[in-house]
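A structural walkthrough
The lines below spell out each chain.
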Amino acid sequence: MPVYQVFNRTTGDSFTCNGDQSVLKAMELVGKKCVPVGCRGGGCGFCKIRVVEGDFECGKMSKVHVPPEALAQGEVLACRIYPQADLTIECVPQPVDAIVEQATRAKQTTTRPMR
């Protein structure tokens, strides 16, 4: 499997990623924290990035977080893209409301009593 270089223009970080591995997974495996992490399944939109340069394949993503017009501009979820060439990415800023909501949801999930 080919290995590609991923450069994050927002943070200046770079890491390698196999073509059969999501960009988010590769980032986590090398201990980088250059993209926010959420559900890891394409549903929460927390790891939204913009691919500035390079080719990739997309897995299934929530159209709520990545509508067709955003995808056409290179906005994707890092957990659902697989490089087909070296990539240059940048983080897409999350609205403050989305960050607060995500943190609240995570706290509720971990503090619910077991039944």
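Note that the structure is a prediction, hence the values are computed from the model and not measured.

1. Points about the overall build of the protein chain
Looking only at helices and strands, one finds 3 helices and 7 strands in the protein chain. Of the regular secondary structure in the protein chain, the N- to C-terminal order runs β-β-α-β-β-α-β-β-β-α. Here the protein chain holds 115 residues, and the buried ones make up 37% of them. Put simply, 57% of the contacts in the protein chain that link residues at least 6 apart link residues at least 24 apart.

2. Some points on unusual backbone geometry
Its identity as a non-glycine residue notwithstanding, Arg40 has a phi of 70°, on the positive side. You can see Arg40 is positioned in the loop between α1 (23–29) and β3 (48–53). The exposure class of Arg40 is partly exposed, given its relative accessible area of 49%.

3. Some details on the pairing of strand β1 (residues 3–8)
On β1, burial follows the alternation: Tyr4, Val6 and Asn8 on one face are buried, whereas Val3, Gln5 and Phe7 on the facing-out side are not. Bridge count between β1 and strand β2 (residues 14–18): 5 bridges; the pairing is antiparallel. The partner of Phe7 across the bridge, within β2, is Ser14. Taking the residues that link successive antiparallel strands as the turn, the β1-β2 hairpin has 5 residues, and the phi of Gly12 there is positive, at about 85°. One ladder, built from 3 bridges, connects β1 with strand β7 (residues 87–91); its direction is parallel. The residue of β7 that forms the bridge with Val6 is Leu87.

4. Structural notes on the nonpolar core
In terms of nonpolar packing, the biggest core is built from 22 residues, with Val23, Val35 and Ile89 touching the most fellow members. At the level of secondary structure, the elements contributing two or more residues to this core comprise β2, α1, β3, β5 (75–77) and β7. Residues in contact with Val35, not counting those within four places in the same chain, are Asn8, Leu24, Met27, Cys47, Ile49, Ala78, Ile89 and Cys91.

5. Quick notes on the environment of Cys44
Here Cys44 is to be found in the loop between α1 and β3. Take Cys44: its relative accessible area is 18%, and that puts it in the buried class. For the pair Cys44 and Met61, spaced 17 residues apart in sequence, the C-alpha to C-alpha distance is 9.1 Å.

6. Digging into the sheet that holds β1
Here we have 5 strands laid out as an open sheet, ordered β2-β1-β7-β3-β5, and mixed in their pairing. Both edges of this open sheet fall to β2 and β5, since each of them pairs with a single strand only. Neighbouring strand axes in the sheet, compared pairwise and without regard to direction, differ in orientation by 40° on average.

What counts, and where the lines are drawn
Residues numbered from 1 in each chain as written. Predicted model: local features only at pLDDT ≥ 70, side-chain atom pairs only at ≥ 80, totals over all residues. Heavy atoms only, no water. Helix = DSSP H or I, 4+ residues; strand = E, 2+ residues; numbered from the N terminus. Buried < 20%, exposed > 50% of the residue type's maximum accessible area, 1.4 Å probe, protein only. Contact = heavy atoms within 4.5 Å. Pairing = 2+ DSSP bridges. Core = buried A, V, L, I, M, F, W, Y, C linked by side-chain atoms within 4.5 Å. Axes fitted to C-alpha atoms, helices over the stretch in contact; angles between N-to-C directions.

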